[in-house]
Amino acid sequence: MATTTSSRPAAARRTTIGLKILMAGTGLVFVGYVLLHMYGNLKLLAGEEAFNTYAEHLRTIGEPMLPHGGLLWAIRVVLVLSLVGHAYAAYSLWSRAGSARRTKYAAVKTASRTAWMRWGGTFILLFVVWHLLQFTILKFSVNGDKQGADVTQNPYELVVASFQVPWNTLIYVLALVALAFHLSHGTFSAQQTLGLTGDAGAYRRAKVVGHALAAVVVVGFLIPPLSILFGLIT
């Protein structure tokens, strides 16, 4: 009985470590994608031809060895699987943390951060669904003054039309606020999970890396929509 009892906490710890590694690994996949997506969005600053050429190039990479859009669909499959793995690991860990006994100090210390990560992550997930429906799956314009195939089938025109609408841009900004916190804490946690915070100096560097990545991504993503909203891109 003693052996069985002692093996249960060990198995739980191994499972928790596995979930943390899964969340860290899938999180790093999203970091890479977010940086590439940010780069693509900044093509808006170069004008319609540059942005639309970039959008089309995404669909022709690998031709003729791959079908039209083949690599793009492969990337989407990887992202969907990573999303499922990341969400599963995150909600499993939050469930374990909620049911585990904590001291009052530990509970107070982590409650706010945990709530931000949980609800912020949920908001990001909902925003991603909205974003994909708007620009990839259904391709619709929320701008009443700009409708029709000339807009919805032109990536540049669709993006510009959409971010000329203040409420749509506000949703985007709020999603970036949630993403900033998620990236900052998540990047640090991933480094911690992978054993890169073993001493005080490494711990501080991991914090700086998380904050720096969040700042770069948020600023990079904010430039195009705000430039559109304030008439710098038309």
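Just above sits the structure.
Given the structure is predicted, the values throughout are model-derived calculations rather than measurements.

K.L.:
When you look at the environment of T193 in this model, what are you seeing that I'm missing?
P.N.:
As for its placement among the helices and strands, T193 is situated in helix α7 (residues 166-193). When the C-alpha positions of T193 and I17 are compared, they lie 8.0 Å apart, and in sequence the two are 176 residues distant. Other than its neighbours up to four places away in sequence, T193 contacts K20, I21 and A24.

K.L.:
What exactly am I supposed to notice about the nonpolar core here?
P.N.:
Across soluble globular proteins, nonpolar side chains have a tendency to be buried as a group. By size, the foremost hydrophobic cluster in this structure holds 29 residues, and its most contacted members are V159, L183, V217 and F221. When residues of this core are traced back to their parent elements, those giving at least two are α1 (2-42), α4 (104-137), α6 (155-163), α7 and α8 (200-229). In terms of residues, this core owes the most to one element, α8, which gives seven residues. The residues contacting F221, other than those within four sequence positions of it, are V34, H37, M38, N41, Y172 and L176.

K.L.:
Help me out: how do you make sense of the packing of helix α2 (residues 48-60) against α6 in this one?
P.N.:
Angle between the axes and distance between the axes: these two values describe a pair of packed helices. In contact at an axis separation of 8 Å, α2 and α6 are set at 115° when each is read in the N-to-C sense. If you check the angle between α2 and α6, you find them roughly perpendicular. Note on element contacts: α6 touches α2 through P155, Y156, E157 and V159, opposite E48, F51, N52 and A55. Its residues assigned to classes, the contact of α2 with α6 comprises five nonpolar, one polar and two charged.

K.L.:
For this particular structure, what's the right way to read the side chain of H131?
P.N.:
Mapped onto the secondary structure, H131 falls in helix α4. The residues contacting H131, other than those within four sequence positions of it, are H37, T136 and Y172.

K.L.:
How should the packing of α6 against α8 be read in this particular structure?
P.N.:
Relative to each other, α6 and α8 sit at 70°, their axes nearing to 8 Å. With respect to their mutual orientation, α6 and α8 come out roughly perpendicular. Here α6 runs over α8; the crossing is right-handed. Contacts between α6 and α8 pair V159, V160 and F163 from the former with P225, I228 and L229 from the latter. Classifying every residue of the contact of α6 with α8 by side-chain character gives six nonpolar, no polar and no charged.

Calculation notes
Throughout, a residue's number is its position along its own chain's written sequence, starting from 1. Where local features are concerned, this predicted model is filtered to residues with pLDDT of at least 70; where side-chain atom pairs are given and counted, the filter is 80 or more; whole-chain, interface and lining totals use all residues. Excluded from the side-chain calculations are hydrogens and water; all other atoms, namely the structure's heavy atoms, are used. Elements are defined by DSSP. Helices are runs of H or I of four residues or more, strands are runs of E of two residues or more, and each kind is numbered from the N terminus. We call two residues in contact whenever any of their non-hydrogen atoms come within 4.5 Å of each other. Throughout, nonpolar core names a set of buried Ala, Val, Leu, Ile, Met, Phe, Trp, Tyr and Cys residues whose side chains join them through atoms within 4.5 Å. Exposure is judged per residue with a 1.4 Å probe applied to protein chains only, and the accessible area is read against the type maximum: over 50% gives exposed, under 20% gives buried, and values in between give partly exposed. Axis definition: a line fitted to C-alpha atoms, limited for helices to the stretch in contact. Angles are taken between N-to-C directions and run from 0 to 180 degrees. By the definition adopted for this analysis, an angle is roughly parallel if under 35 degrees, roughly antiparallel if over 145, roughly perpendicular if from 65 to 115, and oblique otherwise. Basically, the charged four are Asp, Glu, Lys and Arg, the nonpolar ten are Ala, Val, Leu, Ile, Met, Phe, Trp, Tyr, Cys and Pro, and anything else, Gly included, counts as polar. In this scheme the handedness of a crossing depends on how the near helix is turned from the far one: anticlockwise by less than a right angle means left-handed, clockwise means right-handed.

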